[in-house]
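# Descriptive analysis of the structure
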Amino acid sequence: MGKVVAQANMSLDGYVAKQDNSIGRLFDWLQNGEVEMPTPAGDFALHLTPPSLEHLQQWVSSLGALVCGRTLFEVAAGWQGRHTLDVPVVVVTHEVPTEWVEAHPDAPFTFVTDGVASAIAHAQKIAGDRVVTVTGGTIAKQCLELGLLDEVAVDLVPVVMGEGNRPFFGKLSAEDVKLGNPTVCVQGDQVIHLVFPVEH
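A brief look at the structure comes next.

Procedures and definitions
Residues numbered from 1 in each chain as written. Predicted model: local features only at pLDDT ≥ 70, side-chain atom pairs only at ≥ 80, totals over all residues. Heavy atoms only, no water. Helix = DSSP H or I, 4+ residues; strand = E, 2+ residues; numbered from the N terminus. Buried < 20%, exposed > 50% of the residue type's maximum accessible area, 1.4 Å probe, protein only. Core = buried A, V, L, I, M, F, W, Y, C linked by side-chain atoms within 4.5 Å. Contact = heavy atoms within 4.5 Å. Pairing = 2+ DSSP bridges. Right-handed = clockwise from strand over helix to strand, strands pointing away.

Attention shifts here to the environment of Gly 136. Assignment of secondary structure puts Gly 136 in the loop between strand 8 (131-135) and helix 5 (138-145). Overall, the relative accessible area of 15% leaves Gly 136 in the buried class. The spacing of Gly 136 and Val 112 is 24 residues in sequence and 18 Å in space, taken between C-alpha atoms.

This is the structure in structure tokens:
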């Protein structure tokens, strides 16, 4: 099985979304460079600095599946049936959105109603030896607490939000969770790309 990695663009004070679920300046670095890179789904083009380009290309090429919660799925309008990263998506939900499924019969989306651990297992079957990425917020928190994460990947953006809707992990039931030293530390323009191993 491949690694399970929680990934998010994050403000310096730990938020991955604003109060209204918008992203503010968290994704500005995807358009502040001189090198063009189409998204895997081809829905728009990124403009990156060379260090961010190399980092992102390696990340995207490693992916086999993405796990997210129902809130993000709704905010993103289901990515119109094809995620920007062009990978299969597993959505953790209490209820399958049957109308959406019927309207997008060819979408590589799976809706799992029996919890995060089941969703991760399903995603790993899809991904094989490739990476399963988990979105920041409630799903990342549950995966961390269940011991399902291998790494935490942060695109750290130099902005302070002050408050937000979703912190990367939120309030944990444990006192704290120790991570290892970063295995990746790449400085881009208005972003630092970091990867931390989770110590089991």
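With that settled, the discussion passes to the nonpolar core. One recurring pattern in soluble globular proteins: nonpolar side chains tend to sit buried together. Core analysis: the largest hydrophobic core is formed by 31 residues, its most contacted members being Leu 48, Leu 56, Phe 73 and Phe 109. It is helix 1 (residues 50-62) that contributes the most residues to this core, 4 residues altogether. With near-sequence residues (within four places) excluded, Leu 56 lies in contact with Leu 30, Met 37, Leu 46 and Leu 48. Residues Ala 6, Val 16, Ala 65 and Cys 143 belong to the second largest nonpolar core, which totals 30 residues.

Further remarks concern unusual backbone geometry. Positioned with a positive phi, Trp 79 is a non-glycine residue whose angle comes to about 50°. Structurally, the position occupied by Trp 79 is in the loop between helix 2 (70-75) and strand 6 (89-92).

Glancing now at the pairing of strand 5 (residues 63-69). A large share of strand 5 lies buried, amounting to 7 of its 7 residues. Where strand 5 meets strand 8, 4 bridges bridge the pair, whose relative direction is parallel. Bridging across to strand 8, Ala 65 finds its partner in Val 132. In this sheet, strand 6 lies alongside strand 5 in parallel orientation, the contact comprising 4 bridges. Looking at strand 6, one finds that Leu 66 is bridged to Val 89. Between the parallel elements strand 5 and strand 6, the chain passes through helix 2 in a crossover that is right-handed.

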